[in-house]
Amino acid sequence: MLILRRSITVLVQLVGNLLKVIFYFDLWLRPKKRYTIPPSARALFRASSPKAIPRIAWLTNYTNKVTLSVYVNYLFNRLMASTFEFRFCGDNDRISFIKENFDAETYDCYSRLQIGAAQADLWRTLVLLKHGGVYLDIDATLSWPPESFLEPDQTELLVRTKNEGLSNYFMASVPNNPILEAIADRIRENIKDNSITSVFEMTGPIVVDPVANTLPVRTADYNVICKQGLFTNKKFQYPDDHMRYWVTAQMQTDIVRKQQSPTA
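This text gives an overview of the structure that appears in the document. (Residues numbered from 1 in each chain as written. Predicted model: local features only at pLDDT ≥ 70, side-chain atom pairs only at ≥ 80, totals over all residues. Heavy atoms only, no water.)

1. Observations concerning the pattern of salt bridges
If you walk through the whole model with that rule in mind, you get 15 salt bridges. For R34, the salt bridge goes to D240, with nearest N and O atoms at 3.0 Å. Separated by 206 residues along the polypeptide, R34 in the loop between α1 (2-29) and β1 (35-36) and D240 in the loop between α10 (234-237) and α11 (246-252) bring together distant segments of the chain. R34 sits in the buried class, given a relative accessible area of 19%. With a relative accessible area of 52%, D240 lands in the exposed category. A salt bridge links E151 to R218, with the shortest nitrogen-to-oxygen separation between them at 3.4 Å. One end of the pair, E151, is in the loop between α6 (146-149) and β8 (156-160); the other, R218, is in the loop between α9 (205-212) and β10 (219-221), and 67 residues separate them in sequence. Overall, the relative accessible area of 39% leaves E151 in the partly exposed class. For R218, a relative accessible area of 36% translates into the label partly exposed. What you see here is one network of salt bridges that share partners, running through K32, R34 and D240. (Salt bridge = Lys/Arg side-chain N within 4 Å of Asp/Glu carboxyl O. Helix = DSSP H or I, 4+ residues; strand = E, 2+ residues; numbered from the N terminus. Buried < 20%, exposed > 50% of the residue type's maximum accessible area, 1.4 Å probe, protein only.)

Shown next as structure tokens:
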């Protein structure tokens, strides 16, 4: 079964590479054409048995108006996770969620973040902590249906990348998972300390890896769970403003807005 899953992932990657040629032509011919990811989309099929991890797939992006490449990726994930409800949250949705569900300290930490990817890093941890489900980056592509690899009593699943480190572009969890609480705590500490100059290290995978490795956590090889960039790339994700890409943005903008000193 593992060999079959790896083979299908390779096949999907080959198809994705061929489709990218079409996506480039589409972007060249219709540079302003966008497709809309809805705020919510019901499951395509009803599940037959309960699971501890809620059947909700969470997505976020700076906009829900996306290129054909990103939209096809979204549709593919909808088919792979056909028993899952999909929920998309934009910038304002994330702000409202954190303000309504977490304390003032957490909201202040989030509000000080000035780069979208860093905001998404904290939000994904908090939304899974509150509601549970599966989080997917907008460029992440499921390699296999979650219905088959998430066991009924499973409480979480993180992916290990090719260098064996844990990542956060795919995260699955039950609500109130202590692993997520520990990750959120570390991110808040990093924001308050504000001594790190890389989003990857302050709020991203470099936070997840050491925290999760101190706790019992279920992990799997990313090749058989979820990969990035099978149908899309940064050109398709940021067609109008490459400065939104976190690698570029952090060279121009501080990750964390400095706190104002109290006036005398």
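Following the structure, the description resumes.
2. Some details on the pairing of strand β5 (residues 85-89)
Strand direction decides the pairing type here: strand β2 (residues 40-41) and β5, joined by two bridges, are antiparallel. Of the residues in β5, the one forming a bridge with A41 is F86. The pairing of strand β3 (residues 56-60) with β5 spans five bridges and is parallel. Following the sheet pairing, L59 is matched in β5 by F88. (Pairing = 2+ DSSP bridges.)

3. Describing the sheet that holds strand β9 (residues 166-173)
Taken in spatial order, the seven strands of this open sheet run β2-β5-β3-β6-β9-β8-β10, and their pairing is mixed. A strand with exactly one partner marks an edge of an open sheet, and here the two such strands are β2 and β10. Contacts from helix α5 (residues 116-131) reach β3, β5, β6 (133-136) and β9, with the element oriented near 160° to β3. Sheet strands in contact with α9 are β8 and β9, and its direction is about 65° off that of β9. (Contact = heavy atoms within 4.5 Å. Axes fitted to C-alpha atoms, helices over the stretch in contact; angles between N-to-C directions.)

4. A closer look at the packing of aromatic side chains
The full count for this structure, using the stated rule, is 14 aromatic pairs. A centroid spacing of 4.7 Å and a plane angle of 50° characterise the contact between Y24 and F236, whose relative ring orientation is tilted. Separated by 212 residues along the polypeptide, Y24 in helix α1 and F236 in helix α10 bring together distant segments of the chain. Owing to a relative accessible area of 2%, F236 belongs among the buried residues under this scheme. Centroid distance F97 to F102: 5.8 Å. Interplanar angle 65°. Geometry classified as edge-to-face. Members of the aromatic cluster, joined through ring pairs, are Y62, F200, Y238, Y245 and W246. The ring centre of Y35 lies 5.2 Å from the NZ or CZ of K33, which sits over that ring. (Phe/Tyr/Trp six-rings, centres within 6.5 Å; stacked < 30°, edge-to-face > 60°. Lys NZ or Arg CZ within 6 Å of the ring centre and 35° of its normal.)

5. Some points on the side chain of R188
Relative to the helices and strands, R188 is located in helix α7 (residues 178-193). Residue R188 is classed as buried on the basis of its relative accessible area of 10%. There is a polar contact of 2.4 Å between the side chain of R188 and the side chain of D185. The contact partners of R188, leaving out residues within four places of it in the chain, are T106, C109, L126 and E181. (Polar contact = N/O pair within 3.5 Å; in protein donor to acceptor, adjacent residues only side chain to side chain.)

6. With respect to the packing of α5 against α7
Two elements in contact, α5 and α7, have axes separated by 9 Å at closest approach and are oriented at 150°. Put simply, α5 runs roughly antiparallel to α7. The element α5 and its partner α7 pack so that their crossing is left-handed. Each of D121, L122, T125, L126, L128 and L129 in α5 lies in contact with α7, whose residues at this interface are L180, E181, I183, A184, I187, R188 and I191. Split by residue class, the contact of α5 with α7 holds nine nonpolar, one polar and three charged. (Parallel < 35°, antiparallel > 145°, perpendicular 65-115°, else oblique. Left-handed = near helix turned anticlockwise from the far one by under 90°. Nonpolar A, V, L, I, M, F, W, Y, C, P; charged D, E, K, R; others polar.)

7. Considering unusual backbone geometry
A positive phi is found at E164, a non-glycine position, where the angle reads about 75°. By the secondary structure assignment, E164 is in the loop between β8 and β9.

8. A short note on the packing of helix α3 (residues 91-101) against α5
Interaxial distance between α3 and α5 falls to 10 Å at its minimum, and their mutual angle equals 45°. Viewed along their axes, α3 and α5 adopt a mutual orientation that is oblique. Where α3 crosses over α5, the two elements pack in a sense that is left-handed. Of the residues in α5, those touching α3 at R94, F97, I98 and N101 are G116, Q119, A120, W123, L126, V127, K130 and H131. Tallied by class, residues from the contact of α3 with α5 come to six nonpolar, four polar and two charged.

Everything listed here is a matter of geometry and, on its own, says nothing about what the molecule does.
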